[in-house]
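Report on the structure
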Amino acid sequence: MPGNNTTLAAIFQQMADVTELLGGNRFRVNAFQRAARSLQELGEDVAGIDPGRLSKLDGIGSGTADRIREYLDHGRIDEHEKLIKEVPAGVIKLLDIPGLGPKSVATLWQQGGVTDTATLKKKLDTGELEKLPRMGKKTLENIKKNLAFAETAHQRIRIGEAMPLANWFVHQLRGLEPVEAVHYAGSLRRGRETVGDLDLLAIADPKQGETISNAFVKLEVVEEVILKGATKTSVRARTGAGRHIQVDLRVIEPEAAGAALLYFTGSKDHNVRLRERAIARKLKLSEYGLYKEDSETRVAGKTEEAVYKALDLAYIPPELREARDEIARAEKDTLPELVELQEIQAELHAHTTASDGHWSIRELAAAAADRGFHTVAITDHSKGQVQANGLNAERLEKHIEDVRAVAKEMKGKINVLAGSEVDILIDGKLDYPDSLLRELDIVVASPHASLAQEPAKATKRLLKAIENRYVTILGHATGRIVNRRAGLHPDMKKLVEAAAQRGIAMEINANHYRLDLRDTHARLALEHGVKLSINTDAHGPADLDQLIYGVLTARRAGAKREDVINTFAKPQLMKWINATRP
DNA sequence: GCCGTTTTCGGCCCGACTGTTTTCAGTCG
């Protein structure tokens, strides 16, 4: 069940769509869209924000704040109800078809009598739409093709699926003769949990654009060429998982590499703010560089750092470029120094063959040591996780002995902790008694079942788990699976306040299906002084590689090294863990 | 509708590519 934020975001997005279709003021449309994004990005429930603070949020003015209050009080917004009556729902859906924007959809609807995809399909076959303005044969052909594409699962791709594909493209293009460097940009570079497309940049002499583009469209995963120009090419490609994703390639001269990387990394809103800032300084920013107003003189462009500097800003890492507060902070040079992948020195949530993992305790410990980690916690499932071969009390006692034996054997190589991923039962009780939890070095408590519980119950359940005095880390708090399961919707503000009070950490589960806490929740945790723990929840050899996705999520939340317990040196980490227990 | 080093009005980002057009509107990122 979606929360207030998600519902309100959808409402404002609809108001934007309808206003645009009806030819309303485009800046008003823009404002509705911004309000929708702000609400979607909010880490806490909007209902808990008092009216004074509400209109101070980015993109939310007094008008939007009033509408939000109206929704919270009455469950609906009058203006929204009136607006959506003016356009059939099927017409709004047409906007999802690539290549169809508000102008074309309005024409199809008002002059062509198209009310949904079904009538669109029918009328495409009869040819009657050709009479409409700007609807030639080719345009109609394209609509037909894109309609078919839109109907076959157009979902954003998980970062764990997109990143390997992007790296593969980068590797392929790097091998081309005229190419100096290749980068991926876009939301992938910003570390978002899902991406809509891949943006690639080839740094090369633009005269070589054609050569590069020809090689690009011939790559084996490319299934269809969407457009192909002198410096810009778009294709549809197959992902490893058999889905399709659009991949855009731009060829950029070396002198503009930084400006282009900045531009294609986005976010769009971040770029808009930078351009406005440029204008205020009598400059002009585009993907080709930062120029003096009305002249060809390029002030900066070779590197991103140079462009930011010329705009009197500190360098802003990609993960923070979401048009929140990063530009104001860059101006004052108070941006956080974000945690880095190489700073992670401990894995605190991993499974062995004792439950549902593929490694023995020794293999897991050795793999962690190979990565340069100083500590690994063995945290197999508890008894309630029957399908995962969870350990009952008796087996856990034996397992603890086994772990201690390996710990002794590997002393000096790696610090092996005896732990558990104990299930948080439906009522918030833990799956082991305190007397057993006390014997462990570390306890990760996570919800696994009843993940569609109503928010109030979920909040109570998780609060109870946090309050257990043996819990060290709250594992994947919501239990969501990206693109597949919404998971719990607890009152996150209450949870982080309780975690802060208890002094325990909250996990960012780095598995790309989970990424739980998500970025906005992790940000909220940090704002309340809660430490994060980034763990891979490894079940097998390849899983430790997913750490990067957790780190990117933490960086999006603004996490510094000292905010993440996995970066602590061994003595500091042990001291921290022990301080959480009686 | 939002916003403020041009602050309560008057602005609101920039360029590539396509298709339908004879100079540009629409879409996308």
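All residue numbers here refer to positions counted from 1 along the written sequence of the relevant chain. Lettering for chains starts from A, numbering for ligands starts from 1, and both go in the order in which the items are written. Per-residue local features are limited, in this predicted model, to residues with pLDDT of at least 70; the limit for side-chain atom pairs, both in listing and counting, is 80 or more; totals at the level of whole chains, interfaces and linings are taken over all residues. Side-chain figures throughout are based on the complete set of non-hydrogen atoms in the structure, without hydrogens or water.

So, the sheet that holds strand β11 (residues 346-350)
When DSSP finds two or more bridges between a pair of strands, those strands are recorded as paired. Numbering goes from the N terminus for both helices and strands, where a helix is a DSSP run of H or I of at least four residues and a strand is a run of E of at least two. If you trace the seven strands from one edge of the open sheet to the other, you get β11-β12-β13-β14-β15-β16-β17, paired in parallel fashion. With one partner strand each, in any of the chains shown, β11 and β17 (532-535) form the two edges of the open sheet. Relative to strand β13 (residues 415-423), strand β12 (residues 375-381) runs parallel, the two sharing seven bridges. Looking at β13, one finds that Ala-377 is bridged to Leu-417. Here a residue-residue contact requires only that any non-hydrogen atoms of the pair lie within 4.5 Å. Axis definition: a line fitted to C-alpha atoms, over the contacting stretch in the case of helices. Angles run 0 to 180 degrees between N-to-C directions. Helix-sheet contacts for helix α23 (residues 547-556) involve β16 (505-509) and β17, and the interaxial angle to β17 is about 155°. Where helix α24 (residues 570-579) meets the sheet, its contacts fall on β11, β12, β13, β14 (442-446) and β16, and the angle it forms with β13 comes to roughly 35°.

Section: the domain arrangement of chain A
Note that the domain bounds reflect an automated or database-derived domain assignment. Segmenting chain A into domains produces domain 1 (4-151), domain 2 (157-252), domain 3 (263-331) and domain 4 (341-579). Each of domain 1 and domain 2 was reduced to a C-alpha centroid, and the two centroids are 30 Å apart.

Let's talk about the protein's contact with DNA strand B
In these notes, residues near a molecule or strand are those with any non-hydrogen atom within 4 Å of it. Around DNA strand B there are 47 residues in total, and Arg-67, Gly-99, Ser-104, Tyr-263 and Arg-275 lie nearest to it. At the protein interface, 71% of the atoms of DNA strand B within 4 Å belong to sugar or phosphate. Contact between DNA strand B and Ser-104: a phosphate oxygen at 2.4 Å from a side-chain N or O atom of the residue. Here a polar contact means two N or O atoms within 3.5 Å. Within protein one must be a hydrogen donor candidate and the other an acceptor candidate, and residues neighboring in sequence count only if both atoms are side-chain atoms. For DNA strand B, a phosphate oxygen lies 3.3 Å from a polar atom in the side chain of Lys-284. Within the residue set of the surface near DNA strand B, elements represented by two or more residues are α2 (26-41), α4 (62-74), α7 (102-110), α9 (137-151), β5 (222-228), β7 (244-252), α14 (268-280) and β8 (283-286). Ranked by the residues each element gives to the surface near DNA strand B, the list is headed by α14, at six residues. Partitioned by chemical class, the residues of the surface near DNA strand B number 16 nonpolar, 14 polar and 17 charged. Residues were grouped as follows: Ala, Val, Leu, Ile, Met, Phe, Trp, Tyr, Cys and Pro as nonpolar; Asp, Glu, Lys and Arg as charged; and all remaining residues, including Gly, as polar.

Describing helix α1 (residues 4-21)
A rise of 1.5 Å per residue sets the reference length of α1, with its 18 residues, at 26 Å; its end C-alpha atoms lie 26 Å apart and thus fit the reference within 8%. When accessible area is computed with a 1.4 Å probe and restricted to protein chains, residues below 20% of their type maximum are described as buried, those above 50% as exposed, and intermediate ones as partly exposed. Taken as a whole, α1 has its buried residues at Asn-5, Leu-8, Ala-9, Ile-11, Phe-12, Met-15, Ala-16, Asp-17, Val-18, Thr-19 and Leu-21. Residues of α1 that are buried sit in contact with α2, α4, α5 (78-85), α6 (89-93) and α7. Gly-23, located one to two residues past α1, shows a positive phi value of around 75°. Each helix should span, by expectation, one fewer than its residue count multiplied by 1.5 Å.

Topic: the pattern of salt bridges
Within this document, salt bridges are pairs made up of a side-chain nitrogen of Lys or Arg and a carboxyl oxygen of Asp or Glu, the two lying within 4 Å of each other. The full count for this structure, using the stated rule, is 39 salt bridges. Linking Arg-76 and Asp-78 is a salt bridge whose minimum nitrogen-to-oxygen distance equals 3.9 Å. Arg-76 gets classed as partly exposed once you look at its relative accessible area, which sits at 36%. Note that Lys-383 is salt-bridged to Asp-431, the shortest N-O span being 3.3 Å. A residue pair is termed long-range when its members are at least 10 positions apart, and Lys-383 in the loop between β12 and α18 (393-409) and Asp-431 in the loop between β13 and α19 (434-437) qualify at 48 residues.

Focus on unusual backbone geometry
Cis peptide bonds are those with omega within 30 degrees of zero, and the linkage from Gly-266 to Ser-267 qualifies with 0°. Looking at the element boundaries, Ser-267 is found in the loop between α13 (257-265) and α14. Although it is not a glycine, Asp-333 adopts a positive phi angle of roughly 60°. Position of Asp-333 among the secondary structure elements: in the loop between α16 (326-331) and β11.

A short note on the sheet that holds β8
If you trace the three strands from one edge of the open sheet to the other, you get β8-β9-β10, paired in antiparallel fashion. Single-partner strands in this sheet number two, and they are β8 and β10 (298-300). The average angle at which neighbouring strand axes cross in this sheet is 35°, direction not considered. Relative to β10, strand β9 (residues 289-292) runs antiparallel, the two being bridged by two bridges. Looking at β10, one finds that Tyr-291 is bridged to Arg-298.

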